[in-house]
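Per-entry structural report
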Amino acid sequence: MSVLLASSAAAGARKDKSTGFGLAPLPEAFRVKPYPQPDGAGFSSTGRTEGFGSCLATFIRRPPAQSGAAGGGRPIHASLIEAAHTALQSGYRMGEVRDIQQGDAAGITFTFGWIHRSAPDDPRFMWALFETARGRATLRCYTSVARFDQTRPDFETIMRALIIPK
């Protein structure tokens, strides 16, 4: 993976040359590092809120011969069903699901946590999925249940910074 790093701040723009996936500049307190991702690109990030947790932004290329949403792959709601199924099998429950738009990419965002408990130190997650003709971009963020409301704005800042290949 070849990554272009912008000069200056620790959370300046990052962009993978081969895929076009990246993160636009974030406020200075955010930290971003390349994250190896087979068949795509990825970045891990931490936020400005103490006890933030972390986020992993990834892009997986789609082979050009696939058909479906945006010219390739499954529609975004099929991806949601897949994510919900995986969450339920793992003992999690999904929270609110919202349709979102990032540039030309249609997506969804949702939260999830444990089904049978919600202790302050248990993990709470926020995900975003975007489908394009070139592939799927995913943002997976987590922190503790006790810190989720405090850190969600940081998660959403990172989500808005995604540079999704068209």
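Right above here is the structure, for reference.
Described below are features of the structure shown in this document. Computed from a predicted model, the values in this text were never measured in an experiment.

What counts as what
- Residues numbered from 1 in each chain as written.
- Predicted model: local features only at pLDDT ≥ 70, side-chain atom pairs only at ≥ 80, totals over all residues.
- Heavy atoms only, no water.
- Helix = DSSP H or I, 4+ residues; strand = E, 2+ residues; numbered from the N terminus.
- Buried < 20%, exposed > 50% of the residue type's maximum accessible area, 1.4 Å probe, protein only.
- Contact = heavy atoms within 4.5 Å.
- Areas by Shrake-Rupley, 256 points an atom, 1.4 Å probe, with all protein chains shown as cover.
- Expected span 1.5 Å × (residues − 1).
- Salt bridge = Lys/Arg side-chain N within 4 Å of Asp/Glu carboxyl O.
- Pairing = 2+ DSSP bridges.
- Core = buried A, V, L, I, M, F, W, Y, C linked by side-chain atoms within 4.5 Å.
- Phe/Tyr/Trp six-rings, centres within 6.5 Å; stacked < 30°, edge-to-face > 60°.
- Lys NZ or Arg CZ within 6 Å of the ring centre and 35° of its normal.

**Overview of the overall build of the protein chain**
Counting secondary structure elements, the protein chain contains 2 helices and 11 strands. Counted from the first residue to the last, the protein chain has its helices and strands arranged as β-β-β-β-β-β-α-β-β-β-β-α-β. Across the 166 residues of the protein chain, 45% fall into the buried class. Excluding contacts between residues fewer than 6 apart, the proportion of contacts in the protein chain whose partners are at least 24 apart in sequence is 46%. Accessible surface, the protein chain: about 8,400 Å² in total, of which carbon and sulfur atoms supply 54%.

**Here's the deal with unusual backbone geometry**
Excluding glycine, most residues fall at negative phi; most peptide bonds, likewise, are trans. Its identity is not glycine, yet Asp39 carries a phi of approximately 60°, on the positive side. Examined against the element boundaries, Asp39 turns out to sit in the loop between strand S4 (31–34) and strand S5 (40–46).

**Examining helix H2 (residues 148–161)**
Compared with the 20 Å implied by 1.5 Å per residue over 14 residues, the 20 Å span of H2 between its first and last C-alpha is a close match. Inspection of H2 places Phe148, Thr151, Asp154, Phe155, Glu156, Thr157, Ile158, Met159 and Ala161 among the buried residues, and these make up the whole buried set.

**Concerning the pattern of salt bridges**
Following the criterion strictly, the structure yields 4 salt bridges and no others. A salt bridge links Arg98 to Glu156; its shortest N-O distance comes to 3.6 Å. Of the two residues, Arg98 sits in strand S7 (residues 92–102) while Glu156 sits in helix H2, which places them 58 residues apart along the sequence. Note on Arg98: relative accessible area 29%, which makes it partly exposed. Across the pair Arg136 and Glu131 runs a salt bridge whose closest N-O atoms are separated by 2.7 Å. Within the structure, one salt-bridge network assembled from shared partners comprises Arg98, Arg152 and Glu156.

**A few points about the pairing of S5**
Most of S5 is tucked away: 5 of the 7 residues are buried. The sheet contact formed by S4 and S5 spans 4 bridges and is antiparallel. For Pro34, the partnering residue across the bridge sits in S5 and is Phe43. A loop of 5 residues connects S4 with S5, the two strands running antiparallel in sequence, and Asp39 in this loop sits at a positive phi of about 60°. Sheet analysis places S5 next to strand S6 (residues 54–61), joined by 6 bridges and oriented antiparallel. Residue pairing for S6: Ser44 is matched across the bridge by Leu56.

**Some words on the nonpolar core**
Core analysis: the biggest nonpolar cluster contains 25 residues, and Phe21, Leu23, Phe130, Leu139, Ile158, Met159 and Leu162 have the highest contact counts within it. Where this core is concerned, the elements lending two or more residues are S5, S6, strand S9 (123–132), strand S10 (135–144) and H2. When residues in this core are grouped by element, the largest group, 5 residues, is from H2. Ignoring sequence-local partners within four residues, the contact set of Met159 consists of Ile100, Gln102, Thr109, Met126, Ala128, Phe130 and Leu139. If you look at the next biggest cluster of nonpolar residues, it comprises 5 residues, including Ile108, Phe112, Phe125 and Leu129.

**Here's the deal with the packing of aromatic side chains**
This model, assessed by the stated rule, comprises 8 aromatic pairs. Among the aromatic residues, those joined into a cluster by ring pairs are Phe110, Phe112, Phe125, Trp127 and Tyr142. Sitting over the face of the ring of Phe148, Arg124 holds its NZ or CZ atom 4.6 Å from the ring centroid. Sitting over the face of the ring of Trp127, Arg140 holds its NZ or CZ atom 5.8 Å from the ring centroid.

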